[in-house]
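# Coordinates in review
Read off the chains here:
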Amino acid sequence: LLASLLPCPSARASNLLADPELAEKLARSLAESHEAEDRFDAQVWLLASEQRLSRYLDDHDERMELLKIVYRESSRQGLDADLVLAVMQVESAFDRFAISRVGAQGLMQVMPFWRQEIGRPRDNLTEVETNIRYGTTILAHYLDVSGGDLVDALARYNGSRGKLKYPERVVSAWRRTWRNKTSEDLPALQASCSNYGLNACRYR
């Protein structure tokens, strides 16, 4: 994570290192090819998101490439692509070279120890596609083990389980900037707003 957001330098690492199931999921996911798609099937989403992303990335082609990768990897993991963009906004402000004080890297601020854990020490976590593959796999795993509890999954991702600061920030970014679906189409968001009473849920 970005240095200013870390609650404790060791919290995230200790949380993730104790999860061999996640290591296995990462190994399988990274072993899959990063195939390119001939056709992009979400043009409306792409155009809307590209305009929003322009405040962070100046280059049009860079924005388009990033969004296509986000959409593909989110779909692969069964995640809402807008949620992934919200995580990136909070984690790195879309700086793929961002490195935290504890060494988390890239767009989704992935901890480098995962490369050794899964036997891929040469993976470059500042490379967009690689970082997103790692990050979306990790986030999807935590949504799974949390039984779809979005707040708990986000806190696990951040290494701050039991605290609401990080989920508040991500949900706020999701609802205010990136969300393309209604709350009725996002049951995890709807449940979190109801169960946790997040301040971010006040935004329409």
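For clarity, every value in this text was computed on a predicted model and none was experimentally measured. Along every chain, residues carry numbers that run from 1 in the direction the sequence is written. Owing to the predicted nature of the model, reporting of local features is limited to residues with pLDDT of at least 70; listing and counting of side-chain atom pairs is limited to 80 or more, with chain, interface and lining totals taken over all residues. To obtain the side-chain values, all non-hydrogen atoms of the structure were used and water was disregarded.

### A closer look at a negative patch on the surface
Each patch is built from salt-bridge-free residues with over 30% relative accessible area, joining like charges within 9 Å and nonpolar side chains (Val, Leu, Ile, Met, Phe, Trp, Tyr) within 5 Å. All accessible areas in this document rest on Shrake-Rupley with a 1.4 Å probe, and a residue is counted as covered only by the protein chains that are shown. Between Lys or Arg on one side and Asp or Glu on the other, a salt bridge is scored when a side-chain nitrogen of the former is within 4 Å of a carboxyl oxygen of the latter. In this tally, Lys and Arg are treated as positive and Asp and Glu as negative; His is ignored, and so are the chain termini. By convention, charge coordinates are those of NZ in Lys, CZ in Arg, CG in Asp, or CD in Glu. On the surface, D58, D59, D61, E62 and E65 cluster together into a negatively charged patch. Only DSSP runs of H or I with at least four residues qualify as helices, and only runs of E with at least two residues qualify as strands; both kinds are numbered from the N terminus onward. In this fold, D61 is placed in helix α4 (residues 60–77).

### Notes on helix α2 (residues 20–31)
Over its 12 residues, α2 runs 17 Å from end to end, which matches the ideal 16 Å to within 8%, given 1.5 Å per residue. A simple rule labels every residue: compare its accessible area, found with a 1.4 Å probe on the protein chains alone, to the largest value its type can have, and call it buried under 20%, exposed over 50%, or partly exposed in between. Those residues of α2 lying buried are L22, A23, K25, L26, S29 and L30. Down the axis of α2, the buried side of the element spans an arc of 160°, and every buried residue falls inside it. Facing away from the buried side of α2 by more than 90 degrees, the exposed set consists of P20 and A31. For a helix, the expected span equals 1.5 Å multiplied by the number of residues minus one. This arc is built from the directions going out from the helix axis to the C-beta atoms.

### Overview of the packing of helix α8 (residues 150–158) against helix α10 (residues 187–196)
Lines are fitted to the C-alpha atoms to define the axes, a helix being fitted only along its stretch in contact, and any angle between axes, read from their N-to-C directions, falls within 0 to 180 degrees. Running from N to C, α8 and α10 cross one another at 95°; their axes reach a closest spacing of 8 Å. In terms of axis orientation, α8 runs roughly perpendicular to α10. On α10, the residues that touch L150, V151 and D152 of α8 are A188, L189, S192 and Y196. A breakdown of the residues in the contact of α8 with α10 according to their chemical character gives five nonpolar, one polar and one charged. Any angle from 65 to 115 degrees is called roughly perpendicular, while one under 35 is roughly parallel, one over 145 is roughly antiparallel, and all others are oblique. The criterion used for residue contact is that any of the two residues' heavy atoms lie within 4.5 Å. Note on residue classes: Ala, Val, Leu, Ile, Met, Phe, Trp, Tyr, Cys and Pro are nonpolar, Asp, Glu, Lys and Arg are charged, and everything else, Gly too, is polar.

### Here we look at the confidence of the model for the protein chain
Predicted coordinates in regions of low pLDDT should not be interpreted in detail. On a range of 0 to 100, pLDDT expresses the predictor's confidence in each residue. Per-residue pLDDT for the protein chain has a mean of 86; in total, 86% of the residues score no lower than 70. Note that residues 1–11 has pLDDT below 50 and, in this model, 29 contacts with residues that lie over four places away or in other chains.

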